Amino acid sequence: MNKAFLNVAIQAPVKTLFDYKINHTSKIKPKIGQRILVPFGKKKRLGFIHSISKTSSIESSKLKPFIEILDKEPIIDKKTRAIIDWCSKYYHYPIGNIYAGAVPKYLRESKYPKDIGSFLFSSLKEKRKALTNTQKTALAQCKKHLKMNEVVLLNGITGSGKTEIYMRLIESQLSKGNQALFLVPEIGLTPQISFVLGDRFGDMVKIIHSGTSAKKRAEIWLGAKEGKAQLVVGTRSAIFTPFASLGIVVVDEEHDQSYKQQTGLMYSARDLAVVKSKEHASSLVLGSATPSFESLHNVDNKKYVSVEMNKRVFSTPSPKTKVIDLRIHQTNKGLTQPLINDIKTQLKKNKQVLIYLNRRGYAPLTMCSECGHIEECPRCDSSLVLYKQSMLLRCHHCAFEKKASDSCNLCEAENIVIGKGTQKIEECLREEFPKETVLRIDRDSTRSIKRREEVFNMARSGKARILVGTQMLTKGHDFPNLSMVAIVNADQGIFGSDFRSGERFAQHFFQASGRAGRRDERGLVVIQTNNPDNFLLKEIITKDYLSFYSNAILERKGRWPPYNGAVLIRAESINKKKAFNFLSKIAGFCAAIPNNTTLILGPVPSPIERKLGKYRGQILLLDTNKKKLHNTINKVDLFLEKNIINKMIKWQIDIDPLDMS
């Protein structure tokens, strides 16, 4: 150890580790995974011993000794360190910053809980539900495939009883003395699933999400590492929790975009679950009624195995669908009279209705008020985005642009901008139904945990009979008395500017419609659209999700993910010219790489070009060979290190991007 050097990960915007000499006055022997205090410039910083090497690329005389080791034993185990290492390489992100995101804040502040305590529960609560024949078959198939170390995609329609399958599989692992990690996409789902799991597993259910206190999070984190916390339920960041004996990872609603971090380290918790399960040699179940195209593509390529559940637990059939043509029926703040009549009919039956607005993540589009025509890019399979300030229609994939017109270039009728907000819809509903409790559920109305719980309790109890909101309402919630779902503007989803628009709309449609009629009466789904004869819409309405996927995936072949790997490089600056010069130099550098097969699209303005006073642009890189794509990004990293071209520029590299805005 005398000649050893400590390679320390410190939170800093560089991708290297920092070398330190051994401090021979230290009473604690250095070990990989310990927290350590080191001199960093003129300050003292906390870091993590990531590795120990016999040599250093820096002269020994120039290296400083560390100040103090905080832990007698490592708090970062070998498997968690391997995941952090993988993250740094795959997402091209500074390793010290990954440690900062993976380790609870309480531990990063040089603290340590006095008593982790024991989270073990003496026995399981016997509150099993009787399984349907579909569930019995699915459970048997899951056990068979998991025994063969295969990744299982549990593809079950809404209401088919996937949660009971999860719990049986978790129970099987807990009975062997193993641990379980259960991931949910949104904090709003955590209380509901923790209640269901708590009803079965009691006090062993421990929750990690953004609302968990710093100290409690550290206690659960360390408890899982020491094998004391058996069942951890959490949102995206819980994937970094260390486990002593991890038996199973469950990723519920695996298709959900919330599993992808959109700032800093832009990782996918679902994809990391695959890495984690391999490191721990644990079972992995990805569950959804509307699996992502990536996961279904992995099934097609024999990387995953699909277990299907096509029947609901309750005997009610899937909801019937009704389409309202917006070219015939005028709207008042987003709602037509036929839709209002349908709401009245359901309320007379003392039923609950959900008004769903598919608004998140879609840019404004122009549509003809008569024929429903939407301007599309002649070079890409995507709709043109309206930039109101410049009145230009742009493709944010290839930079094509044209002047926006007030009239349709096919039939010369008036062009309208589609896209309504939840508050306008709520206003109309209050006017139409003054005696009813109208409950709006979106990110604005559920900012605090307390308010979120109040809102969903009102919704589940049926006290509020009219619910209006965004996709937050469709994620795994069970509203017993809900009989009708209305999608007020289907075109906003179908004709999004993103190549994933059709996939997302289909997911939202099937998830939203799955909330209706889950008990004693068949549900109703009402769709308002300017394009009732649209091929995609007809496919979604008349077929199941897998049939839709089989056709829609073919349109991606040869260009878009999941057939191609994708990387989005974003840049923003208060100086527009500097931002686009920066992106242009990167695009030029990529184009000049010898034998480079990577397709370079851009630079183009971001769909929201100006945000918080900064101009935003982006480049999209596509390649059928992911290894080559990552090699290109490695070269871009080196190019940016050697060339000072990023002054006044904030930039980021997004691997496998989901949000193109």
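First, a word on scope: everything that follows refers to the structure included in this document. Every value quoted in this text rests on a predicted model; they were computed, and no experiment measured them.

A look at the overall build of the protein chain
The number of helices and strands found in the protein chain is 18 helices and 29 strands. Relative to the compact-globule value of 26 Å for 661 residues, the protein chain shows a C-alpha radius of gyration of 26 Å, a close match. Within the protein chain, the fraction of its 661 residues that count as buried is 57%. Here the contacts in the protein chain between residues at least 6 apart in sequence split such that 75% fall between residues at least 24 apart.

Points about the environment of Ser 237
Take Ser 237: it is sitting in the loop between strand S9 (231-234) and strand S10 (246-252). Considering only alpha carbons, one finds Ser 237 and Glu 539, 302 residues apart in sequence, at a separation of 36 Å. Sequence-distant contacts of Ser 237, defined by excluding residues within four places in its chain, comprise Arg 217 and Tyr 267. Of the polar contacts made by the side chain of Ser 237, one reaches the side chain of Arg 217; its length is 2.5 Å.

Things to note about the packing of helix H14 (residues 501-513) against helix H15 (residues 535-542)
For the pair H14 and H15, the least separation of the axes is 11 Å and the interaxial angle reads 35°. Handedness of the H14/H15 crossing: right-handed. Residues Gly 502, Phe 505, Ala 506, Phe 509 and Phe 510 of H14 pack against Leu 536, Leu 537 and Ile 540 of H15.

So, the pattern of salt bridges
Under the definition given, this model contains 28 salt bridges. Between Asp 533 and Lys 538 there is a salt bridge; the shortest N-O distance is 3.8 Å. Residues joined in a network through salt bridges with shared partners are Glu 164, Arg 168, Glu 171 and Arg 200.

Quick look at H15
Think of an α-helix as turning once every 3.6 residues; residues three or four places apart then point the same way. Buried residues of H15: Leu 536, Leu 537, Glu 539 and Ile 540, and no others. With its buried residues spanning 160° around the axis, H15 presents them on a single face. Of the exposed residues in H15, the ones pointing more than 90 degrees away from its buried face are Phe 535 and Thr 542. At its buried positions, H15 is contacted by helix H13 (491-494), H14, strand S25 (524-529) and helix H16 (545-552).

Points about the side chain of Glu 294
Residue placement: Glu 294 occurs in helix H9 (residues 293-300). The class for Glu 294 is buried, based on a relative accessible area of 18%. Setting aside its immediate chain neighbours within four residues, Glu 294 contacts Arg 270, Arg 500, Glu 503, Pro 561 and Pro 562.

Focus on the packing of aromatic side chains
Going through the model one piece at a time under the given rule, you end up with 16 aromatic pairs. Measuring from ring centre to ring centre gives 4.9 Å for Phe 48 and Tyr 99, while their planes differ by 10°; the resulting arrangement is stacked. Here Phe 48, found in strand S4 (residues 43-53), pairs with Tyr 99, found in helix H2 (residues 95-102); they are 51 residues apart in sequence, far enough to count as distant. An identical accessibility class is assigned to Phe 48 and Tyr 99; each is buried. An aromatic cluster of three or more residues is present, and its members are Phe 293, Phe 505, Phe 509, Phe 510, Tyr 545, Phe 548 and Tyr 549.

Quick look at helix H18 (residues 626-642)
When the terminal C-alpha atoms of H18 are compared, their 25 Å separation across 17 residues agrees well with the 24 Å that a helix rising 1.5 Å per residue should span. Among all positions in H18, only Leu 629, His 630, Thr 632, Ile 633, Val 636, Asp 637, Phe 639 and Leu 640 are buried. Buried residues along H18 sit in contact with helix H1 (78-90), strand S26 (565-573), helix H17 (576-592), strand S28 (614-623) and strand S29 (650-655). The backbone nitrogen of Lys 627 lies 3.0 Å from a side-chain oxygen of the residue at the head of H18, namely Asn 625.

Focus: the sheet that holds strand S11 (residues 283-288)
With parallel pairing, the seven strands of this open sheet are ordered in space as S8-S9-S7-S10-S11-S6-S12. The open sheet has two free edges, formed respectively by strand S8 (205-208) and strand S12 (304-309), since each of these has just one partner strand. In this sheet, adjacent strand axes meet at a mean angle of 20° when their direction is disregarded. One ladder, built from five bridges, connects strand S7 (residues 179-183) with S10; its direction is parallel. When the bridges of S10 are listed, Phe 182 appears paired with Val 250.

Considering the side chain of Asn 155
As for its placement among the helices and strands, Asn 155 is situated in strand S6 (residues 151-156). When residues no more than four places from it in sequence are discounted, the contact partners of Asn 155 are Ser 288, Ala 289, Pro 291, Leu 296, Ser 306, Val 307, Glu 308, Met 309 and Leu 546.

As for the environment of Asp 85
With respect to the element layout, Asp 85 can be found in helix H1. Its relative accessible area of 25% is what places Asp 85 among the partly exposed residues. C-alpha separation for the pair Asp 85 and Thr 158, spaced 73 residues apart in sequence, amounts to 37 Å. Aside from chain neighbours lying at most four places away, what touches Asp 85 is His 50 and Ile 95.

Notes on the sheet that holds strand S5 (residues 68-69)
Read from one edge to the other, the open sheet built from five strands follows the order S2-S1-S4-S3-S5, with strand pairing classed as antiparallel. Taken across any chain shown, the strands that pair with only one partner, and hence form the sheet edges, are strand S2 (18-21) and S5. Strands in contact with H2 are strand S1 (5-10) and S4; relative to S1, the strand with the most contacts, it is inclined by about 65°.

Quick notes on the packing of helix H4 (residues 133-147) against helix H5 (residues 162-174)
Relative orientation and spacing of two packed helices are given, respectively, by the angle between their axes and the distance between those axes. Relative orientation of the contacting elements H4 and H5 amounts to 45°, with a least axis distance of 10 Å. On the basis of their axis angle, the class for H4 and H5 is oblique. Relative to H5, H4 is oriented so that their crossing is right-handed. Contact residues: Gln 135, Leu 139, Cys 142, Lys 143 and Leu 146 in H4; Glu 164, Ile 165, Arg 168 and Leu 169 in H5.

A word on the nonpolar core
Core analysis: the biggest nonpolar cluster contains 108 residues, and Leu 181, Ile 239, Phe 240 and Ile 569 have the highest contact counts within it. Excluding its chain neighbours within four sequence positions, the residues that come into contact with Leu 181 are Val 232, Ala 238, Ile 239, Phe 243, Leu 246, Ile 248, Val 249, Val 250 and Lys 276. If you look at the next biggest cluster of nonpolar residues, it comprises 29 residues, including Ile 193, Val 233, Val 250 and Val 307.

Here we look at unusual backbone geometry
Along the chain, Pro 561 connects to Pro 562 via a cis peptide bond; the corresponding omega equals 10°. Residue position: Pro 562 is located in the loop between H16 and S26. With an omega of 10°, the peptide bond between Gly 602 and Pro 603 qualifies as cis. Structurally, the position occupied by Pro 603 is in strand S27 (residues 599-611). Non-glycine residue His 92 carries a positive phi angle of around 50°. Mapped onto the elements of the fold, His 92 is located in the loop between H1 and H2. At Asn 149, a residue that is not glycine, the phi angle is positive and equals roughly 60°. Checked against the element boundaries, Asn 149 lands in the loop between H4 and S6. The exposure class assigned to Asn 149 is exposed, which follows from its relative accessible area of 69%.

Rules used throughout
- Residues numbered from 1 in each chain as written.
- Predicted model: local features only at pLDDT ≥ 70, side-chain atom pairs only at ≥ 80, totals over all residues.
- Heavy atoms only, no water.
- Helix = DSSP H or I, 4+ residues; strand = E, 2+ residues; numbered from the N terminus.
- Rg over C-alpha atoms; globule rule 2.2 N^0.38 Å.
- Buried < 20%, exposed > 50% of the residue type's maximum accessible area, 1.4 Å probe, protein only.
- Contact = heavy atoms within 4.5 Å.
- Polar contact = N/O pair within 3.5 Å; in protein donor to acceptor, adjacent residues only side chain to side chain.
- Axes fitted to C-alpha atoms, helices over the stretch in contact; angles between N-to-C directions.
- Left-handed = near helix turned anticlockwise from the far one by under 90°.
- Salt bridge = Lys/Arg side-chain N within 4 Å of Asp/Glu carboxyl O.
- Arc of directions from axis to C-beta.
- Phe/Tyr/Trp six-rings, centres within 6.5 Å; stacked < 30°, edge-to-face > 60°.
- Expected span 1.5 Å × (residues − 1).
- Pairing = 2+ DSSP bridges.
- Parallel < 35°, antiparallel > 145°, perpendicular 65-115°, else oblique.
- Core = buried A, V, L, I, M, F, W, Y, C linked by side-chain atoms within 4.5 Å.

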